[in-house]
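Report on the structure
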Amino acid sequence: QTSPVTLNGSTYNHTAVNHFYEDVLKGLTASPKHLDSKYFYDAIGDQLFQDLMNCEEYYPTNCELEIFSQKTEALASAIIGDNNDEFDLIELGAGDAMKSTYLLKHLLDRGVNFTYLPIDISAHVIDQLDVELTQNLPGLKFEGLNGEYFNMLSKAATLSNKRKVVLFLGSNIGNMPVAEAESFCAELRNHLSPGDMVLIGFDLKKNPKTILAAYNDKEGITKKFNLNLLHRINQELGADFVIEQFDHFPVYDPETGACKSYLISTADQMVHIADHNQSIHFQKDEYIFMEISQKFTVEQTRDMAAKTGFDVVNYLFDDKNWFADAIWKV
Ligand code: AVI
C-alpha cells in the first residue's frame, strides 16, 4: 500500500505526489496539529498493517475477504455486462490483490473476457503482481499501472475503450473525511463513461465497542502503527521525537461514524527536525490528529452514490452485515 502505499498490500495513497517534509511541517505547525495517515505505510508500517489485519480485533479485512471468497458468483454477476461484453477490471491500490484474486479466478473459470489492470503507487507491487498473477492465473490478461490513481485511470482510458469496472476495496474510502470521499467519488465518476462501474468497500456502523476495539487492539499493534509515523519522521527528516512521550488515543463517535486516532504528548516538550532546522513545541496533553476511519450506514453510501453521479446496482454483505461492497454504475 512506497511511501504510502501497500497494505496487504493495499494502497493508501489517494493523493498526488508526496511532499513528506512539507506535509509534516504544515501539520505539526497547524492548530490543532495533525499528520497525514497516508504516510503510515513505509516498510515497517506495511508490516504493522499486515499484523493488524491478522489480529483478533481488526475485522474489516476478514469481512471483505468473506464477501470475495463466499459471494464471488454474485459479485461477478453484478459486474458482467448483460451482453457479456469484454471489459477492463481496474483495481485502485491493488496491493497483493488477495481479495480480488477470488474474483479474477472466478471470472476466468467462467470464461469471461476481461483484462485486469491493477493500479499501485509502488512499482514493486505491480512487478510482484505481474509475476504472481500471470503464474497463478494462466490466461489472465494483465496490464499493471504504476502511478497515482487518477493519472493511471486516464492512462487506462487511452489503452482501450472497453467498459471499465473499478475496484476500490478495503474501506480505504473511510480514510478520507466524508466531504473528501465525496469529491473522490465525483472525480472517479469524471474519469468514467456511461455503463462503467465501481465496486467500493465500505465499513459499516456497528456496535461501537466492536469498532473501537479494532482500533485499540490489546496487543498494541495499532498504537505501534501510529507511533511508527513519528519514527519515520525521525529517520527520514532527522527529527528527535521521544516516542515514549506520546500515547495512542483512539475514539469512535457512533453518531457521526467517525473513528479517529490521536497521539497525545505526555510531556511539555520540544521536537527538533534537524534536517530542516525546525523546532516544534508540544504542550503536555496536546494531541496530533492522525487518522480517520469513517464508518457508514448503507443509506449514507446510497446518498453518496446519488450525489456523485452513480446508480446503485447491488450491495453485497458479509454474514454479520459489518461490511458492504457497493456496486454502482455510471
Ligand atoms: C487502510 N485502512 C482502511 C485502515 C482502516 O481501517 O482505516 C487503516 C488502519 N488504521 C488503523 N487500523 C487500520
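Residues numbered from 1 in each chain as written. Predicted model: local features only at pLDDT ≥ 70, side-chain atom pairs only at ≥ 80, totals over all residues. Heavy atoms only, no water.

Inspection of the secondary structure assignment puts Cys55 in the loop between helix H2 (43-53) and helix H3 (60-70). Cys55 sits in the buried class, given a relative accessible area of 6%. In this structure, the C-alpha to C-alpha distance between Cys55 and Gly309, residues 254 residues apart in sequence, is 37 Å. Look past the residues within four positions of Cys55 in its chain and what remains in contact with it is Asp217, Glu219 and Ile221. (Helix = DSSP H or I, 4+ residues; strand = E, 2+ residues; numbered from the N terminus. Buried < 20%, exposed > 50% of the residue type's maximum accessible area, 1.4 Å probe, protein only. Contact = heavy atoms within 4.5 Å.)

So, about the confidence of the model for the protein. Here the protein averages 92 in pLDDT, while 95% of its residues score no lower than 70. Taken together, the stretch residues 1-17 has pLDDT below 50 and engages in 89 contacts with residues farther than four places along the chain or on a different chain. Both confidence scores are given for the complex: pTM 0.91, ipTM 0.99. (pLDDT = per-residue confidence, 0-100.)

With that out of the way, let us pick up the site of the ligand. Surveying the vicinity of the ligand reveals 14 residues, the closest of which are Tyr58, Asn175, Tyr215, Glu291 and Ser293. Between the ligand and Tyr58, the relevant distance is 2.5 Å, taken from an oxygen atom to a side-chain nitrogen or oxygen of the residue. Across the complex, the protein chains shield 98% of the 340 Å² of accessible surface that the ligand would expose by itself. Only H2, helix H10 (221-237) and strand S12 (287-294) provide two or more residues apiece to the shell around the ligand. (Near = heavy atom within 4 Å. Polar contact = N/O pair within 3.5 Å; in protein donor to acceptor, adjacent residues only side chain to side chain. Areas by Shrake-Rupley, 256 points an atom, 1.4 Å probe, with all protein chains shown as cover.)

Another aspect to go through is the pairing of strand S8 (residues 246-253). Side-chain alternation along S8 places Phe246, His248, Pro250 and Tyr252 on a buried face and Asp247, Phe249, Val251 and Asp253 on a face that remains uncovered. Pairing of S8 with strand S9 (residues 258-265), which is carried by eight bridges, proceeds in the antiparallel orientation. Bridge assignment links Asp247 to a residue of S9, and that residue is Ile264. Between S8 and S9, which follow one another and run antiparallel, lie four residues, and Gly257 among them has a positive phi close to 80°. (Pairing = 2+ DSSP bridges.)

Okay, the packing of aromatic side chains next. Under the definition given, this model contains 24 aromatic pairs. Ring geometry for Tyr149 versus Phe184: centroids 6.4 Å apart, planes at 75°, classification edge-to-face. Taken together, the residues Tyr149 in helix H7 (residues 149-159) and Phe184 in helix H8 (residues 178-190) connect sequence positions 35 residues apart. In this pair, the class of Tyr149 matches that of Phe184, namely buried. An aromatic cluster of at least three residues, connected via ring pairs, comprises Phe40, Tyr41, Phe49, Tyr58, Tyr215 and Phe225. Above the ring of Phe20, the side-chain terminus of Arg232 is found at 4.6 Å from the ring centroid. Its end group placed over the ring of Trp322, Lys320 keeps NZ or CZ at 4.5 Å from the ring centre. (Phe/Tyr/Trp six-rings, centres within 6.5 Å; stacked < 30°, edge-to-face > 60°. Lys NZ or Arg CZ within 6 Å of the ring centre and 35° of its normal.)

Bringing the pattern of salt bridges into the picture now. For the structure on display, the rule yields 17 salt bridges. With a shortest N-O distance of 3.4 Å, Glu86 and Lys162 are connected by a salt bridge. Here Glu86 is found in the loop between helix H4 (72-79) and strand S2 (87-92), whereas its partner Lys162 is found in the loop between H7 and strand S6 (163-168), with 76 residues between them in sequence. Exposure remark for Glu86: the relative accessible area of 28% places this residue in the partly exposed category. Given the relative accessible area of 26%, Lys162 is considered partly exposed. Between Lys223 and Asp247 there is a salt bridge whose closest N-O contact spans 3.5 Å. On the criterion of sequence distance, the pair formed by Lys223 in helix H10 and Asp247 in strand S8 is long-range, its members being 24 residues apart. On the basis of relative accessible area, Lys223 is assigned to the partly exposed category, the value being 33%. (Salt bridge = Lys/Arg side-chain N within 4 Å of Asp/Glu carboxyl O.)

The next thing to look at is the UniProt feature "domain: Histidine-specific methyltransferase SAM-dependent" (unreviewed entry) in the protein. Taken from the UniProt record, the annotation "domain: Histidine-specific methyltransferase SAM-dependent" (unreviewed entry) applies to residues 21-329. Span residues 21-329 is 40% helix and 26% strand, its end C-alpha atoms 39 Å apart. (UniProt positions renumbered as here; feature names shortened; annotations may be inferred.)

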